[in-house]
Amino acid sequence: MTSAQTTRKKRANGVESRERILDATVEIAGERGYEGTSIAAVSAKCGLPASSIYWHFKDKDDLIAAVIERSFETWLVAVGLPGEDVGTPLERLTAMAANVARSLLDAPDFLRLGLMLALERRPTEPRGRTVFLQVRAVAAGKIAEVAASLFPDLDEDALRTLTTYAVAGADGLFVQREIDGAAVDLVALFELHAQLVHDAAARMAARSKA
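Please read these numbers as outputs of a predicted model, since none were measured by experiment.

A.B. asks: I tried to follow the packing of aromatic side chains on my own but got confused; where do I start?
C.D. replies: Two aromatic rings, taken as a pair, are described by how far apart their centres are and by the angle between their planes. For the structure shown, the criterion picks out zero aromatic pairs. Taking NZ or CZ as reference, Lys60 lies 4.2 Å from the ring centre of Tyr34, over its face.

Given below as structure tokens:
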């Protein structure tokens, strides 16, 4: 085996090990939360020694932050606004909301872990919380862009209010799903939420014209 082949193999093994560690962290954190997650527990779950985990991640908080980033990237790829040739603004917004819901069902970790961290207050803010607030700001910015394209008559303050309402409502629906499980049809509720957001935006736009 050449040195280049050896290097590629080591790199592939490193990527595989990193993914195994992140997958194990998702399981542990989903069962025990942030406080209950430890390097030792992750090591036992993924079958890799703690030294391997520390080779990839500085500490537990760095590990949790990586889980949030990976899950958010997966979520972001799945979310998108249908093109302008696909139905009315309401239909496009509803389709996007359904995509968001499905992506949260497939990759919920960034929101689940992030909300846990966001609700905590510590003297020293964990990196995972900082990362979550950053990716949350990215998500809110994308929602604001969508709202601005669909409702061009809304001013900046109205867009900010509408975005806050849309994000907060989505958080609440996700939490309800986490509490009640499959009894909650997240896709249907997100579609309803999109309709309410659309109606609110239409009223706000009408008031701005008056």
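We are not done yet, so read on.
A.B. asks: Please clarify how the pattern of salt bridges should be interpreted in this entry.
C.D. replies: Two side chains that carry opposite charge are able to pair once their charged atoms sit near each other. Here the structure, examined in full by the defined rule, presents nine salt bridges. Ionic pairing is found between Asp62 and Arg127, a salt bridge with its closest N-O pair at 2.9 Å. One end of the pair, Asp62, is in helix H4 (residues 60–78); the other, Arg127, is in helix H7 (residues 127–150), and 65 residues separate them in sequence. On the accessibility criterion, Asp62 (18% relative accessible area) is buried.

A.B. asks: For this particular structure, what's the right way to read the confidence of the model for the protein?
C.D. replies: Fine structural detail should not be taken from predicted coordinates in areas where pLDDT scores are low. Residues of the protein with pLDDT of at least 70 account for 89%, and the chain-wide mean is 85. Put simply, helix H1 (residues 3–36) is where the protein has its lowest mean pLDDT, 73, and helix H2 (residues 39–46) is where it has its highest, 95. Scored below 50 in pLDDT, residues 3–10 shows two contacts in the model against residues more than four places distant or in partner chains.

A.B. asks: Would you take a moment to explain the environment of Tyr34 for this structure?
C.D. replies: Within the secondary structure, Tyr34 is located in helix H1. Separated by 83 residues in sequence, Tyr34 and Leu117 place their C-alpha atoms 7.6 Å apart. In this structure Tyr34 touches Lys60, Asp61, Ile64, Met116, Leu117, Arg122 and Pro126, once residues within four positions along its chain are discounted.

A.B. asks: How should I be thinking about helix H8 (residues 156–180) in this particular structure?
C.D. replies: An α-helix turns once every 3.6 residues. As a result, residues three or four positions apart point the same way. Taking 1.5 Å of rise per residue, 25 residues should cover 36 Å, and H8 covers 36 Å from first to last C-alpha, within 8% of that figure. Every buried residue of H8 is listed here: Ala158, Leu159, Leu162, Thr163, Ala166, Val167, Ala170, Asp171, Leu173 and Phe174. Elements that come into contact with the buried residues of H8 comprise helix H5 (89–106), helix H6 (109–118), H7 and helix H9 (186–209). Between a side-chain oxygen at the N-terminus of H8 and the backbone nitrogen of Asp157 the separation is 3.2 Å; the capping residue is Asp155. Phi turns positive, to about 70 degrees, at Gly181, one or two residues after H8.

A.B. asks: I'm lost on the packing of H5 against H9 in this one. Help?
C.D. replies: Think of two packed helices as two axes; the pair is described by the angle between the axes and how far apart they sit. At a minimum axis separation of 8 Å, H5 and H9 run at an interaxial angle of 145 degrees. Between H5 and H9 the crossing geometry is right-handed. Here H5 contributes Pro89, Leu90, Leu93, Thr94, Ala97, Ala98, Val100, Ala101, Arg102, Leu104 and Leu105 to the contact with H9, which in turn contributes Leu186, Val187, Phe190, Glu191, Ala194, Gln195, Val197 and His198. Here the residues of the contact of H5 with H9 are counted per class, giving 14 nonpolar, three polar and two charged.

A.B. asks: Quick question: what am I supposed to make of a nonpolar patch on the surface here?
C.D. replies: On the surface, Tyr165, Leu192 and Leu196 cluster together into a nonpolar patch covering about 270 Å² of accessible area. By secondary structure assignment, the location of Leu192 is in helix H9.

Conventions used here
- Residues numbered from 1 in each chain as written.
- Predicted model: local features only at pLDDT ≥ 70, side-chain atom pairs only at ≥ 80, totals over all residues.
- Heavy atoms only, no water.
- Phe/Tyr/Trp six-rings, centres within 6.5 Å; stacked < 30°, edge-to-face > 60°.
- Lys NZ or Arg CZ within 6 Å of the ring centre and 35° of its normal.
- Salt bridge = Lys/Arg side-chain N within 4 Å of Asp/Glu carboxyl O.
- Helix = DSSP H or I, 4+ residues; strand = E, 2+ residues; numbered from the N terminus.
- Buried < 20%, exposed > 50% of the residue type's maximum accessible area, 1.4 Å probe, protein only.
- pLDDT = per-residue confidence, 0-100.
- Contact = heavy atoms within 4.5 Å.
- Expected span 1.5 Å × (residues − 1).
- Polar contact = N/O pair within 3.5 Å; in protein donor to acceptor, adjacent residues only side chain to side chain.
- Axes fitted to C-alpha atoms, helices over the stretch in contact; angles between N-to-C directions.
- Left-handed = near helix turned anticlockwise from the far one by under 90°.
- Nonpolar A, V, L, I, M, F, W, Y, C, P; charged D, E, K, R; others polar.
- Patch = residues over 30% accessible without salt bridge, like charges linked within 9 Å, V, L, I, M, F, W, Y side chains within 5 Å.
- Areas by Shrake-Rupley, 256 points an atom, 1.4 Å probe, with all protein chains shown as cover.

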